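Summary of the model geometry
The residues making up each chain are set out below.
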Amino acid sequence: MAGKQMTPSDVVEARSDTPGTRSVIHFNNAGAALMPQPVLDTVGEYTELEAYKGGYEAAAAAKNKIDAVYQSIAGMLSCSPDEIASVENATRGWDYIFYSLPFSAGDVVITSETEYGSNVTSFLQMKRSRGVLVEVIPNDPSTGVLDVSSLSNAVATLGKQAKLVAISHIPTNNGVVHPAEKIGSICREYDIPFLLDACQSVGQLPVDLGQIHCDALTATSRKYLRGPRGQGFLYVNKQGHFWDLEPMYLDVRSARNDESSPSGYQVLPGAIRYENFERSYANWLGMGTAVDYACKWGLDVIERRICFLAETLRRRLEDEVKGTTVTDYGDRKCGIVSFTIEGVEGADVKAALAKEKINVSCSKASSTPFDMRKRKLSSVVRASVHYYNSEDEITLLIEALKRLR
Ligand SMILES: Cc1ncc(COP(=O)(O)O)c(C=O)c1O
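As a starting point, this report considers the structure included with it. (Residues numbered from 1 in each chain as written. Predicted model: local features only at pLDDT ≥ 70, side-chain atom pairs only at ≥ 80, totals over all residues. Heavy atoms only, no water.)

Taken as a whole and assessed by the stated rule, the structure comprises eleven aromatic pairs. On the numbers, 4.6 Å between centres and 50° between planes, the contact of Tyr70 with Trp284 is tilted. Of this pair, Tyr70 sits in helix H4 (residues 63–77) while Trp284 sits in helix H9 (residues 281–297), and the two are 214 residues apart along the sequence. For Trp284, a relative accessible area of 0% corresponds to the buried category. Taking 6.4 Å as the distance between ring centres and 85° as the angle between the ring planes, the aromatic pair formed by Tyr96 and Tyr249 counts as edge-to-face. With Tyr96 in helix H5 (residues 90–98) and Tyr249 in the loop between strand S8 (232–236) and strand S9 (255–257), this pair connects stretches of sequence that are 153 residues apart. Given the relative accessible area of 56%, Tyr249 is considered exposed. Aromatic rings pair up to connect Trp94, Phe98, Tyr99, Phe103 and Phe123 into one cluster. (Phe/Tyr/Trp six-rings, centres within 6.5 Å; stacked < 30°, edge-to-face > 60°. Helix = DSSP H or I, 4+ residues; strand = E, 2+ residues; numbered from the N terminus. Buried < 20%, exposed > 50% of the residue type's maximum accessible area, 1.4 Å probe, protein only.)

Of all the seven residues making up strand S5 (residues 162–168), six are buried; the element is thus mostly covered by neighbouring parts of the structure. Where S5 lies against strand S6 (residues 194–197), four bridges are found, and the strand directions are parallel. Across the sheet, residue Ile167 finds its bridge partner in S6, namely Leu196. The handedness of the S5 to S6 crossover, carried by helix H8 (residues 180–190), is right-handed. (Pairing = 2+ DSSP bridges. Right-handed = clockwise from strand over helix to strand, strands pointing away.)

Here strand S3 (residues 108–112) pairs with strand S4 (residues 133–137) via five bridges, running parallel. Looking at S4, one finds that Ile110 is bridged to Glu135. In terms of handedness, the path from S3 via helix H6 (residues 117–130) over to S4 forms a crossover that is right-handed.

Taken as a whole and judged by the stated rule, the model has one cavity of 30 Å³ or more. Considering only enclosed or pocket space, the largest cavity measures out at about 30 Å³ in volume. Lining of the largest cavity is provided by Met76, Leu77, Val202, Gly203, Leu205, Val207 and Leu299. Residue composition of the lining of the largest cavity, grouped by class: six nonpolar, one polar and no charged. (1 Å grid on protein atoms, 1.4 Å probe; cavity = no way out; pocket = protein on both sides within 12 Å on 5 of 7 lines; lining within 4 Å. Points joined across faces, edges and corners; volume = space filled by probe spheres on them. Nonpolar A, V, L, I, M, F, W, Y, C, P; charged D, E, K, R; others polar.)

You can see Lys376 is positioned in the loop between helix H12 (369–374) and strand S15 (379–384). Its relative accessible area of 75% is what places Lys376 among the exposed residues. Taking C-alpha positions, Lys376 is 44 Å from Thr42, a pair spaced 334 residues apart along the chain.

Attention now goes to the packing of helix H10 (residues 299–320) against helix H13 (residues 391–404). It is the contact of H10 with H13, at a shortest axis distance of 10 Å, that shows an interaxial angle of 25°. The angle between the axes of H10 and H13 places the two elements in the roughly parallel class. Of the two elements, H10 crosses H13, and the hand of that crossing is right-handed. When H10 is examined against H13, the residues Phe308, Leu309, Thr312, Leu313, Arg316, Leu317 and Glu320 are found in contact with a partner set consisting of Glu391, Ile394, Thr395, Leu397, Ile398, Leu401 and Lys402. Along the lines of polarity and charge, the residues of the contact of H10 with H13 split into eight nonpolar, two polar and four charged. (Axes fitted to C-alpha atoms, helices over the stretch in contact; angles between N-to-C directions. Parallel < 35°, antiparallel > 145°, perpendicular 65-115°, else oblique. Left-handed = near helix turned anticlockwise from the far one by under 90°. Contact = heavy atoms within 4.5 Å.)

The biggest cluster of nonpolar side chains holds 96 residues, and the ones touching the most others in it are Leu77, Ile110, Val202, Leu217 and Phe233. Broken down by element, the residue count for this core peaks at ten residues, all from H9. Mapped onto the domain boundaries, this core takes at least three residues apiece from domain 1 (8–34 + 298–404) and domain 2 (42–296). Ignoring anything within four residues of it in the chain, the contact list for Phe233 reads Ile73, Met76, Leu77, Ile84, Ala85, Val87, Val202, Leu217, Thr218, Ala219, Leu225 and Met287. Val87, Trp94, Leu245 and Ala271 belong to the second-largest nonpolar core, a separate cluster that totals 24 residues. (Core = buried A, V, L, I, M, F, W, Y, C linked by side-chain atoms within 4.5 Å. Domains from an automatic or database assignment.)

Pasting the structure below:
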């Protein structure tokens, strides 16, 4: 990958900004990455402000900083600050859109083989409760990424029956990066709403809404963005299908009760209509610092470093650890490295590595049920790298896996 790279001294700086690197070898960045010190400081300082000033009073005092987070996210994604809503996590943001849609029997939701488990559960719930149908677009066997010509055909054939395209940009347990730009342009061509789950891509690679057309996008703070847990955001496109959608839930932040008419209320314009009155400002501000911190390195620089480490790990796993099969596929891959080791359960790999202070995760079939079922995989080990990981840490992981064998 051409372009500016992180230098060895950048890596030293990134690691010294990350106190967790002194106590653990962390390859669970797709679960929750290690927070950098500036994020810890932001969350800690704001929590103290609440303790000493009062929660509501702290929010009033920090109003400018709270507003600036919308600007930071909008800057990172190339959108407008009023298109961003604070949500508890990616899934809730996704749910706020999905469950607000007026589905009826025979409507079709189009998705990918590698869709995230929670989203799949929601499809199935909507199938059971309202008779919605689910169409799964296969991956292109030659490139491994979602087959955009199958998507085009499905959308063209289904016509008005197709009510939503909902796709995870990067699956939870596979290194593939799906072509969100191409998917978005098909959705725009056929005027079908596109809900993009960018939970694993935001913070890991450039996500540019000038390039990717989608009606809404969901992301979480704790994963590749390196923010605190319990926080996410939802982007809602001003020109898109969901801007005027009435959310399934409303409260005193997202809507106003009419003072003159007892039955009247107005839903506020903008993405704010998807927000709750009660929220964690400490986490919101922490996520804002995480966004600024990622942008300081540059998302393209971050992606290059992550891809380099991930490719190194994939190669070394296959070359050096007997019985290992790397289960990632796709022409374009990211920092999620998934694999199986013959004769050893994923959960046992995770537990054995944990004893050596190496964090990986074990992802079960229910996390991406369509894909894992098709490939007859019951679980995979997921070692997800971030730019602050070092090549020495990869060596320690490989050595630990060899001992396990
Ligand atoms: C692709 C994908 N989408 C959505 C989610 C859910 O994110 P959250 O737990 O923040 O709701 C995950 C979490 O692992 C994920 O990997």
